[in-house]
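Chain and residue survey
Residues per chain, in single letters:
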Amino acid sequence: MFAFQPIVCAATGMVDYFECLLRIRDEKGTVVTAGEFITVSEELGLIGHIDRYALARTVQELATDPDVRLGFNISGLTACDRPWLRLLMSLLRDRPELARRLVVEITETAALCDIEESARFVDTVRALGCRVALDDFGAGHTSLRHLQILPVDIVKIDGSLVGNLTKLSQFRVFLHHLLGLAKGFGLTTVAECVESAEEAALLRAEGIGYFQGYHFGRPSLERAWLRTAPADSSEAPVTS
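Let us look at the structure shown here. (Residues numbered from 1 in each chain as written. Predicted model: local features only at pLDDT ≥ 70, side-chain atom pairs only at ≥ 80, totals over all residues. Heavy atoms only, no water.)

To continue, consider the packing of aromatic side chains. Taken as a whole, this structure holds 6 aromatic pairs when the rule is applied. Between Phe18 and Trp225, the ring centres sit 5.1 Å apart and the planes meet at 55°, which makes this aromatic pair tilted. One end of the pair, Phe18, is in strand β2 (residues 15–25); the other, Trp225, is in the segment after β9 (210–211), with 207 residues separating them in the sequence. In this pair, the class of Phe18 matches that of Trp225, namely buried. Taking the centre distance of 4.6 Å and the plane angle of 10° together, the rings of Phe211 and Phe216 count as stacked. By relative accessible area, which is 0% here, Phe211 ends up buried. Grouped by ring-pair contacts, the aromatic residues Phe2, Phe4, Phe18 and Trp225 constitute a single cluster. (Phe/Tyr/Trp six-rings, centres within 6.5 Å; stacked < 30°, edge-to-face > 60°. Helix = DSSP H or I, 4+ residues; strand = E, 2+ residues; numbered from the N terminus. Buried < 20%, exposed > 50% of the residue type's maximum accessible area, 1.4 Å probe, protein only.)

Among the structural elements, Glu105 can be located in strand β5 (residues 102–107). Taking the relative accessible area as the measure of exposure, Glu105 reaches 0% and is therefore buried. For Glu105, the side chain forms a polar contact with the side chain of Tyr17, separated by 2.8 Å. Here Lys156 takes part through its side chain, which lies 3.0 Å from a polar atom of the side chain of Glu105. Sequence-distant contacts of Glu105, that is, excluding residues within four places in its chain, are made with Tyr17, Glu19, Phe72, Asn73, Ile74, Ala133, Asp135 and Lys156. (Polar contact = N/O pair within 3.5 Å; in protein donor to acceptor, adjacent residues only side chain to side chain. Contact = heavy atoms within 4.5 Å.)

Side chains of Val40, Leu44 and Leu46 sit close together on the surface and give an oily, nonpolar patch of about 280 Å² of accessible area. By secondary structure assignment, the location of Val40 is in helix α1 (residues 38–43). On the basis of relative accessibility, which here comes to 45%, the residue Val40 falls in the partly exposed class. (Patch = residues over 30% accessible without salt bridge, like charges linked within 9 Å, V, L, I, M, F, W, Y side chains within 5 Å. Areas by Shrake-Rupley, 256 points an atom, 1.4 Å probe, with all protein chains shown as cover. Salt bridge = Lys/Arg side-chain N within 4 Å of Asp/Glu carboxyl O.)

Moving on, we get to the environment of Val15. Take Val15: it is sitting in strand β2. Taking the relative accessible area as the measure of exposure, Val15 reaches 31% and is therefore partly exposed. It is 9.0 Å that separates the C-alpha atoms of Val15 and Trp225, two residues lying 210 residues apart in sequence. Apart from residues no more than four positions distant in its own chain, Val15 is found in contact with Pro6, Ile7, Val8 and Arg69.

As structure tokens, this is what we get:
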């Protein structure tokens, strides 16, 4: 199942899209986040099945509501997975109204199996009409190379950087250069894990494009776009 978290425009407070975050229930009925099972799934060779499931479910959600825009994260390994790409093409063939409302997020910190193949993957996804985001940007050592080769639309600044902005000045300097780099490539920027008004203010001052984090909306098992709620609020829905 999915929990949904909004990505909010820094200038207007409007939601651009909701990220679909995988969740499962354990034998006790407790909701388990993806961070607790994705690494094991990759080690067991199951990540391809999980990413294909996430794709099919996201497209199903898009088909149910003609107005919502949704994104979801795939493993870096899936950027070289031809069965996943074939499924995407079959689901979106002759359905441009769905493709333009879909954002595919590739984790920047993942060990991409083949950077050139990944670039072709991104080209194919974008040719279908989808946007592509580079997730966890700034957390690894290959960010510049990824930007040079991968023709993505969005970069999402890693939450570990955002969380230190109000504590250590060097993180703000690093953010300033990362945003300058992304803007130089003409990319949309999203800050992850924004949890306070102070962090949001610093990010706005640096020219961030969009926010994602608890300050603007916690992941919720409810479909938040079906009801009205203020975007910039600490009273956001809590994950079930």
